[in-house]
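# Chains, contacts and geometry: an overview
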Amino acid sequence: MRAPRYRRLFRLSTRSDERVREEMSEEIRFHVETRAAQFRSEGMSEAEALAEATRRFGSGDVAQRLETSAVRRSMRLRNHDWRHAIAMDVAFALRGMRRAPMFTLAVLGTLALGIGANIAIFSVVRGVLMTSLPYGQPDRVVAIWNHWPGWPRAWLSQPEVYDYASDSSAFAGVAAFTNAALNVTSGEGDPERVSAGFIPQSLLEVAGVRPLLGRNFSAAEDTPNGPRVAMLLEDYWRRRFGADPGIIGKPIEMNKRSYVVVGILPSAFRLPSEFSGDHAVVFLPLQLGAPDEAQRASHGFSVMARLAPDVTIAQAQQRLNAVVARLKRASDNYGPEFGATVIPMSDEVRGPVRAALYLLFGAVSFVLLIACANVASLLLARAESRGREIAIRTAIGAGRTRIIVQFLIESLVLAVGGGALGLLLAAAILRGLTKLNLVNLPRLDAIHLDGGVFAYAAAITLLTGLAFGLAPVARLTGRVVPFEFLRQGQSQAGNRSGLRLRQTLISIELALAVIALTGAALMTRSFARLASVSPGFASDHVLTMWLSPPAAKYPTSSSVRAFYAQLLDRLRELPGVASAGASSGIPLSSTLGDWGFSIDGAPPRRVNEHQPTADWQSVTDGYFESLRLPLIRGRALTAADRMDAAPVALINETLAQLYFRDSSAVGRSVQLGGPMDTAHRTIVGIVGDVRFNRLDQPPRPTMYTSHAQSMSSLPDSAGAAPRTLVLAIRTQGDPAALVAPIRELMKAYDPDIPLAHVRTMSDIVDGSVSTSKFAALLLLAFGGAALMLAALGVYAVTSFAVAQRSAEIGVRVALGARSAQVVRLMIWQGMWPVLIGLAAGVVVAAAGTRVMQGLLYSVGATDPISFAIAISTLLAVSLLANWRPARRAAMVDPVVALRAE
Amino acid sequence: MPDNLTLLKGTLDVLVLKGLSWGPMHGVEITNWLETRSDGSLAVEDSALYHALHRMEERGLVLAEWGLTENNRRARYYSISAVGRRWLASESAQLIKYAATVTSLLRSRTRLA
């Protein structure tokens, strides 16, 4: 009977030996008794029968010997059982690890770092880039953008949405959307300002998403002036309304108006523009209305669409181009360079970060490779010193395969240990990443350690183990001549090829390190340049916050203007406030709409010439002072620029240079395009440029109008004055200290209006470069790790070489070599693989860093300074790493060295 | 007692395998079969049989399993394996040829025939 599997794998030999003995003894007894019974049936007496049977069986200690032979046989069988063999190898490996704790610690630590960082970045890549978007059949969902010269991605206007949707052979559905913010007053907690999305009835179908509770908007609800309804995201419904299942059909209050909740959407649902940062938790019907030609020139909608079945993106793009061509013929709103593009939604969401993440993944893989090379080198050194052990094993009959398997298992055990520690490290890194929210990655919510990550961790651990495990094995498949090894410790010939192999590893490590460090240097310089760009305003000591007086309470334009004017007056009276102003947008955190405008008295536009356009900002007095925008010419806004005064405007330098090159702009009169604000405004001043959208984009022509004079051409009752503004408050002391007093003031002024996004301007500026900073920091960390590992590797190999050549050095010293010469000799021996590696690495890096160009700001991919920094750092560190063992070589006592030979 | 022919080395294995080729047997059955079929002229020490069985089990020529006899006693049954059958076929052919050659030589009346 075969023992159960676990017994065969793990049992201690004594138990099974006893069992085998017992069984053999039972078999012998059976034999003798049965024979005795046969003899008795032939007529012998019981005693005679037993005696005869025993005699026939064999004389002496035959039984004993049989039992022993049975035991030995079972042992031999066990030894042929490969599973047992592997278990023994693992036990042996673990014992070996315990016996050399420093070595084990070094290897495990190196592997844990390399594998752990790799797993962490892989999880990020997997979550951000590979997890599919929360839409049905996400590869069929696309985004549609207009493009104009200077504006590669521009919003659509209302009639364009219908025009593009008209070709049903290209798109199964087209849905426009916008977002806004709302003050929510019902539910648990204080009044809260949340992001909201305006979506048409068709959007859920385009996105392939269904409400968890309730229903989508109906067609009646999605018409202008339709009933006020809303949908909520599930996690917001839980947080604010206690997951009340009866909320369907119940009203909630937002912006002082009542909206009936009709549906709850899955928490993972997002509008395409909202995968990183804030996202809409409330959805209202878009109520687009019938196509209205009057709105053709006002572009404010984003669009997502679903491809028609069996249509490729290229085909959809072609059909869209046909629609655009038709539009251009029918209307003069479109110049010849206007067009529309279809982009797969995946590219839209992930495109910007893809390159950076792949770069990080490449860097961290380099670090892992260097770590492997180091561990391989360490194992090679250890394999040398185990020559005797291997010789003995071969002599007593272990096949070469057995020995190779044993070495591989030792490497795998080390790798598994390092991999397990690395997994823990990766978990910690990921937790830190998501909690600290260091960087605005899309789909951060999709990053976690799931089955795929574990599979990757297992695979990479295995590969790592094989990679460095093969190194000592490669040494072994040379001639393992037991006799030589047994004679004395090591043989010279064997060591030479071991040293060569380790030097090759060093060259590889240095090449990889050059690439990693060059990338790090490039990224860091790029970030430094970016961070030093002057944004055009002073960001210190400025507090910002958004708010919006609800139309229900402030229905007219004059009430909105009065609201802000009085609020600002009160704010200026607060102690610690140096100046206060409001604006329709704040740099580096919102976008401005652009408008065409016309210059009074300018020659009429030629055909095909573009109408002048400018980003438009509605500001109150005090805004320029708060941000310390420099005034170049003329004057800034004052409190006197009210409704009853002449309408004024300010422009920035870029606009002045672009459209008023040959004449002074101050005093000229302009008129904004569009049907809404048709006043003729006099330019009273020119202010400095602001990098509004991104620090790495040049400033755009901008026009500022006075908020107190906005929408003067529309009736007051329309309430069309810009309602949602951001306050910019310059403080004398620490801005954070004024947050509480300002909130108090706001509560006293109007308790139903919450303040949103309260941030200091310096935080906003830092946040705008956070991705670049994050990438630079990580690359520096990886580059530093690569540097350290490479230095350790160089140190270890040179120490080894010194130890190996100690006899030769002793001879040289005895023959009169001075210590300086010895040092130089050993340093040269240590440095030449370094130099080869550096050269190879520079060549590869020069070709390879081109892929980084898109991520770099004002730094070329082959920037020589970065290369120089990387090379010189590595050279210096390698020299240092070589110097210590070389010095030790010089202190070798020739007598001792020669005697040991 | 008839003369006991001492077995030439290695032939015990072949004989045991031949006996097992008709079905599994336990140790006593094998001994009985050998004695019966050879009319008692093959003298096999029982322990030698077990040594042979152990050898063959290690080489994979026989398989062993505990079973129950007709008297419901526990006994170790040996059966021939596929490898064992192949080995039996080749070895017995060789042995028979060897025996025939030796027999023919020893029976020759003159030096040449």
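### Section: the overall build of chain B
Assigned secondary structure in chain B consists of four helices and three strands. For chain B, the succession of helices and strands along the chain, N to C, is α-β-α-α-β-β-α. Each principal axis of the C-alpha atoms in chain B carries an extent, and together these give about 60 × 35 × 20 Å. By residue count, 24% of the 113 residues in chain B fall in the buried class. Here the analysis covers contacts within chain B between residues at least 6 apart in sequence; of these, 55% occur between residues at least 24 apart.

### Structural notes on the overall build of chain A
In terms of regular secondary structure, chain A is built from 26 helices and 23 strands. Over its C-alpha trace chain A gives a radius of gyration of 39 Å, far above what one expects of a compact globule, namely 29 Å for 901 residues. If you line up chain A on its principal axes, its C-alpha atoms span 135 × 90 × 60 Å. Within chain A, the proportion of its 901 residues that are buried is 41%.

### Observations regarding unusual backbone geometry
Across the chain, the bulk of peptide bonds are trans and the bulk of non-glycine residues have phi less than zero. Positive phi, close to 60°, is recorded for Lys256(A), a residue that is not glycine. Even without glycine at this site, His757(A) takes up a positive phi of about 50°.

### A word on the interface of chain A and chain B
On the chain B side, the residues contacting the 17 residues of chain A number 14 residues. Residue assignment for the side of chain A that touches chain B shows that the elements contributing at least two residues are α2 (13–41), α3 (46–57) and α4 (62–80) of chain A. Ranked by the residues each element gives to the side of chain A that touches chain B, the list is headed by α4(A), at seven residues.

### Digging into the packing of helix α22 (residues 770–804) of chain A against helix α25 (residues 864–890) of chain A
Two packed helices can be described by the angle between their axes and the distance between those axes. All names here are of chain A. With their axes 9 Å apart at the nearest point, α22 and α25 run at an angle of 25° to one another. It follows from the interaxial angle that α22 and α25 lie roughly parallel. Here α22 and α25 pass one another in a crossing that is right-handed. Where α22 abuts α25, its residues Leu787, Ala790, Ala791, Val794, Tyr795, Thr798, Ser799 and Val802 lie against Thr873, Leu874, Val877, Ser878, Ala881, Asn882, Arg884, Pro885, Ala886, Arg888 and Ala889. Split by residue class, the contact of α22 with α25 holds twelve nonpolar, five polar and two charged.

### Concerning the confidence of the model for chain A
Residue and element names in this part refer to chain A. Averaged over every residue, the pLDDT of chain A is 84; residues scoring 70 or more account for 93%. Every residue in residues 6–14 is under pLDDT 50, and counting partners more than four places away or in other chains gives eight contacts. Ignoring residues within four places in sequence, the model shows residues 489–494, a span with pLDDT below 50, making seven contacts including any to other chains.

### Observations regarding the pairing of strand β16 (residues 613–619) of chain A
All names here are of chain A. Counting buried residues in β16 gives seven out of seven residues, a clear majority hidden from the surface. Pairing of strand β15 (residues 594–599) with β16 involves three bridges; the strand directions are antiparallel. Residue pairing across strands places Gly596 opposite Thr613, the latter belonging to β16. When β16 meets strand β21 (residues 702–706), the two strands line up parallel, connected through five bridges. By the bridge assignment for β21, Val619 is matched with Ser706.

### A word on the environment of Val666(A)
Position of Val666(A) among the secondary structure elements: in the loop between α19 (653–659) and β19 (669–672). For Val666(A) and Leu650(A), which are 16 residues apart along the polypeptide, the C-alpha to C-alpha distance reads 8.6 Å.

### With respect to the domain arrangement of chain A
Many analyses report the size of an interface as the accessible area lost when the parts associate. With domains assigned, chain A is organised as domain 1 (5–80), domain 2 (150–336), domain 3 (355–532 + 770–900) and domain 4 (554–749). Each of domain 2 of chain A and domain 4 of chain A was reduced to a C-alpha centroid, and the two centroids are 29 Å apart.

### Notes on the packing of helix α24 (residues 819–848) of chain A against α25(A)
Residues and elements named next belong to chain A. Where α24 contacts α25, the two axes come as close as 8 Å, and the packing angle between them is 150°. By the criterion of interaxial angle, the relationship of α24 to α25 is roughly antiparallel. Handedness of the α24/α25 crossing: right-handed. Class assignment for the residues of the contact of α24 with α25 results in 18 nonpolar, four polar and one charged.

### Some details on helix α23 (residues 806–814) of chain A
Residues and elements named next belong to chain A. Every buried residue of α23 is accounted for by Ser806, Ile809, Gly810 and Val813. The arc that holds the buried residues of α23, viewed along the axis, is 105°, so those residues lie on one side. Gly816 sits one or two residues past α23 and shows a positive phi near 110°.

Basis of the calculations
Residues numbered from 1 in each chain as written. Chains lettered and ligands numbered in written order. Predicted model: local features only at pLDDT ≥ 70, side-chain atom pairs only at ≥ 80, totals over all residues. Helix = DSSP H or I, 4+ residues; strand = E, 2+ residues; numbered from the N terminus. Buried ≥ 20, exposed ≤ 12 C-beta atoms within 10 Å, placed from the backbone. Contact = placed C-beta atoms within 7 Å. Rg over C-alpha atoms; globule rule 2.2 N^0.38 Å. Axes fitted to C-alpha atoms, helices over the stretch in contact; angles between N-to-C directions. Parallel < 35°, antiparallel > 145°, perpendicular 65-115°, else oblique. Left-handed = near helix turned anticlockwise from the far one by under 90°. Nonpolar A, V, L, I, M, F, W, Y, C, P; charged D, E, K, R; others polar. pLDDT = per-residue confidence, 0-100. Pairing = 2+ DSSP bridges. Domains from an automatic or database assignment. Arc of directions from axis to C-beta.

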